[in-house]
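This is what each chain is made of:
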Amino acid sequence: SGKQKVLPVRLLSQVLFRVVTFGLNAFTLRYLSRELIGVVNVRLTLLYSTVVFLAREAFRRACLSGSAKRNWTKTINLLWLTVPLGVFWSLILGLVWLHLLEVPDPSVVPHYQAGVVAFGLSAIIELLGEPFWVLAQAHLFVRLKVIAESLSVVSKCILTVTLVILYPHWGLYIFSLAQLLYVSVLVMCYVIYFVMFLGSPEATKKSFPVARVKALLPSFFSFLQTFVNWKEARLTWSFFKQSFLKQILTEGERYVMTFLNVLNFGDQGVYDIVNNLGSLVARFIFLPIEESFYVFFAKVLERGKTVKDQKQDDVAMAANVLELLLKLVLLIGLTITVFGYAYSQLALDIYGGSMLSSGTGPDLLRCYSLYVLFLAVNGVTECFTSALMCKEEVDRYNFVMLALSFIFLCISYFLTHWYGSVGFILANCFNMGIRIAHSTHYIHHFFRESTHSPLTGLLPSPALLLGYILSAVVTAFSEVLFCCDKGWMARLIHISTGALCLAATLVTMFCTETKLIHFVRRQFLSRYLKKGT
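Residues numbered from 1 in each chain as written. Predicted model: local features only at pLDDT ≥ 70, side-chain atom pairs only at ≥ 80, totals over all residues. Heavy atoms only, no water.

The chain carries the name Protein RFT1 homolog in an unreviewed UniProt entry, which gives Serinus canaria as its organism. In UniProt, the chain has this text filed under Subcellular location (unreviewed entry): "Endoplasmic reticulum membrane". (UniProt positions renumbered as here; feature names shortened; annotations may be inferred.)

Have a look at this one:
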């Protein structure tokens, strides 16, 4: 019961922390140019994330594989190699960022060179805390991670807001200092914790494998054969060879923007802000659903077996849950798509002022509202297929994903030439559409020898579909008539129109989708009430 109480408190603290940072960022946006945002959020952040990823990702994956019971001296020695590797990548990529990429106009974005140096240095500082981070992660110090990340991000936000208000002419100096503060606070949280924890009665009681703070430093006195765990070192090299490709695919959009100059710095800044805003829905709503029900499907059905070889009661249960889950995320996605179209400009104007609500911002968010629908359906279909595919099917699917990722980068390049920053989101929609087609084909093939058809969950009732169409038409007309340069009274009328349409849609949903409403009550509300008690 104690653990059950800690979880909601921790979850609440994370939500509050995100709300605070969300508000601070919204306040800061009103004092900055979109070009400055583009250079910081795309160009410099890409430098930092690339250095950190190439220097540590392979080490993390290798050192967190297997049991926490190991020779931690050798593992810690191996982890300290991330620092010289980080210095190497910072120097190489820093030269590329300074001399090979387009340099922004100093009159619009001052102190670019200082920004490159500061973000490269911040990556190296963060790598100094890598042994502490891996040790904490291996021993499930979740609270330490939450506190360290919260303190560092809040410190960064507060310093950024303060400097933007007091010294707006500092340009990239502001974000350079904020970034250095962020990594310094992050590393110091881990260092201070382990300085206090090691040697304490609590550490002794837990039989913690590291007894002294000195043991967290590299021990060079050892012979080369015993300096590191060579099995972990070989595993690290194996992961390192994959890290280049993974980083390119993860940050593909930013690399296309940075190296191919398909967008100017202002458009890059607006795109990044809208992308972050749109991804909040996926992060807070869809991701928890996918993670929870992946575990459910993996437990109920046996991986690699056909539908006839499974227990039929389990098949019926899985099919029913999959159908209702598809219906749930479809309706959430449709709601966001329909109402997002007419309220994108208003939302951006409230959040970031005219910098976001003018130009390409509203069109970007409208397209992202459609992309959310693709994200919603893809998340559940892939969650089911990932829980059932055998090793050969997973390997085949990984190859398909690899090919799709390269196709996505190529399509992104061409679509951005034709449609500007909206082209990135259209390319994402295409990519997700292909993945949905692959997953639905797998689901149809799996259930074809049974009486179940869970893909019918992708078909909303005709009455509800009509309600969405009417809401889309009414809110679109409302936006033309009342939004967004006709004063606050007109805005309130536009918001009220949307609220009425949303209420009518929800009432229709409650009347026509009774099976889904019962499922939501049983799966989510009852679970919440149990935690409360």
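**A word on the nonpolar core**
Of all hydrophobic cores here, the largest spans 141 residues; its most connected members are Trp 97, Tyr 190, Phe 194, Phe 208, Phe 297 and Phe 384. Ranked by residue count, the leading element in this core is helix 14 (residues 312–352), at 20 residues. The residues touching Phe 208, leaving out its near neighbours within four places in the chain, are Leu 135, His 139, Phe 141, Phe 194, Phe 197, Leu 198 and Ala 203. (Core = buried A, V, L, I, M, F, W, Y, C linked by side-chain atoms within 4.5 Å. Buried < 20%, exposed > 50% of the residue type's maximum accessible area, 1.4 Å probe, protein only. Helix = DSSP H or I, 4+ residues; strand = E, 2+ residues; numbered from the N terminus. Contact = heavy atoms within 4.5 Å.)

**Focus on the packing of helix 2 (residues 34–63) against helix 4 (residues 82–100)**
Taken N-terminus to C-terminus, the directions of helix 2 and helix 4 make an angle of 150°; their axes are 9 Å apart at the nearest point. By the angle between their axes, helix 2 is roughly antiparallel relative to helix 4. Crossing geometry of helix 2 relative to helix 4 is assigned as right-handed. Along the contact surface, helix 2 presents Arg 43, Leu 46, Leu 47, Thr 50, Val 51, Leu 54, Ala 55, Arg 56 and Phe 59, while helix 4 presents Thr 82, Leu 85, Gly 86, Trp 89, Ser 90, Leu 93, Gly 94 and Trp 97. Considered class by class, the residues forming the contact of helix 2 with helix 4 number 10 nonpolar, five polar and two charged. (Axes fitted to C-alpha atoms, helices over the stretch in contact; angles between N-to-C directions. Parallel < 35°, antiparallel > 145°, perpendicular 65-115°, else oblique. Left-handed = near helix turned anticlockwise from the far one by under 90°. Nonpolar A, V, L, I, M, F, W, Y, C, P; charged D, E, K, R; others polar.)

**Some details on the packing of aromatic side chains**
Counting across every chain of the model gives 21 aromatic pairs. Measuring from ring centre to ring centre gives 5.2 Å for Phe 88 and Trp 89, while their planes differ by 70°; the resulting arrangement is edge-to-face. Between Phe 297 and Phe 384, the aromatic rings sit 5.0 Å apart at their centres with planes inclined by 80°, giving edge-to-face as the arrangement. Note that Phe 297 is positioned in helix 13 (residues 265–300) and Phe 384 in helix 16 (residues 361–388), a separation of 87 residues in sequence. Grouping residues by exposure puts Phe 297 and Phe 384 together as buried. Put simply, the rings of Phe 293, Phe 296, Phe 297, Phe 384, Phe 446, Phe 447 and Phe 519 touch in pairs and so form one group of aromatic residues. The aromatic ring of Tyr 341 is capped on one face by Arg 366, whose charged end is 5.3 Å from the ring centroid. Here the guanidinium or amino end of Arg 491 rests over the ring plane of Trp 488, the centre of that ring lying 4.6 Å away. (Phe/Tyr/Trp six-rings, centres within 6.5 Å; stacked < 30°, edge-to-face > 60°. Lys NZ or Arg CZ within 6 Å of the ring centre and 35° of its normal.)

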